[in-house]
Amino acid sequence: MTPTLIPAIISFLLTVMVLSYLFGDNPLFRFATHVFVGVSAGYVAVVAFYQVILPYLVFPLWNAPMIEKGLLLIPLILSALMLMKISPRLGWLGGPAVAYLVGVSAAVAIGGAVLGTIFPQTAAAIEPFDILDPNQVNPVESLFNGLVMLVATIGTLAYFHFGARRQADGSTKRNGLIEVFAWVGRLFVALTFGVLFAGVYTAALTALIERIHSLLNLFGSF
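A few points on the structure.

Conventions and cut-offs
- Residues numbered from 1 in each chain as written.
- Predicted model: local features only at pLDDT ≥ 70, side-chain atom pairs only at ≥ 80, totals over all residues.
- Heavy atoms only, no water.
- Helix = DSSP H or I, 4+ residues; strand = E, 2+ residues; numbered from the N terminus.
- Rg over C-alpha atoms; globule rule 2.2 N^0.38 Å.
- Buried < 20%, exposed > 50% of the residue type's maximum accessible area, 1.4 Å probe, protein only.
- Axes fitted to C-alpha atoms, helices over the stretch in contact; angles between N-to-C directions.
- Parallel < 35°, antiparallel > 145°, perpendicular 65-115°, else oblique.
- Left-handed = near helix turned anticlockwise from the far one by under 90°.
- Contact = heavy atoms within 4.5 Å.
- Nonpolar A, V, L, I, M, F, W, Y, C, P; charged D, E, K, R; others polar.

Let's talk about the overall build of the protein
Working step 1: Helices and strands together make up the secondary structure of the protein, namely six helices and two strands.
Working step 2: Along the chain direction, N to C, the helices and strands of the protein fall in the order α-α-α-α-α-β-β-α.
Working step 3: Taken against the 2.2 N^0.38 rule, which gives 17 Å for 222 residues, the C-alpha radius of gyration of the protein at 28 Å runs more than 25% over that of a compact globule.
Working step 4: Each of the 222 residues in the protein was classed as buried or not, and the buried ones make up 14%.

Structure follows, in structure tokens:
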């Protein structure tokens, strides 16, 4: 048995275990998912140890000047406090470390969303209306695309606008103009979810074709 054949057989067995979910939840499928989660966790732990902990914590603590060593004690102490979450009795000690981690993560996520998504998308939505820009190859087409994006944006925002006026009979009704834009936004939201679903389905179908191709190659090697 060649060395390359052993991973192929293991891959074949795991593929069959995962596909066994077509017949319902069973021990084979659970075993395959546990293997996947375990291998993923082990891989992440090894990458974190060799690419984060060693180069950014252990080696600097060993070789860095005394001032930098003092600063590095802060993440070391926070990491140790987070490990206290393992114990039900000492779990409260990890509260400050978790709060710091959540705060930093939220700040990074908000900053990334504002600087990396909102501002660039706003600039990209304004750019098609600059018909005097010499870089515009086809100003009419660019203006049309900009209008479509503008209507889609306003319609989507109107779709998630829940303000409504209360009528005399106690019912609520939104403004007519907002209702029209909300209908347009509902259409664009449906199109967006349809495209996302098609993308996910295509990715899953591609993975299935790759697995079938691998299985055929495995059978052909015998």
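Back to the write-up after that little detour.
Concerning the packing of helix H1 (residues 5–19) against helix H6 (residues 176–220)
Working step 1: As a packed pair, H1 and H6 sit with axes 10 Å apart at the nearest point and diverge in direction by 130°. Compared by their axis directions, H1 and H6 come out oblique. Between H1 and H6 the crossing geometry is left-handed. Residues Leu-5, Ala-8, Ile-9, Ser-11, Phe-12 and Thr-15 of H1 touch H6, and the partners they reach there are Arg-211, Leu-215, Leu-218 and Phe-219.
Working step 2: Within the contact of H1 with H6, the residues separate by chemical class into seven nonpolar, two polar and one charged.

Geometric descriptors of this kind do not, in isolation, establish any biological role.
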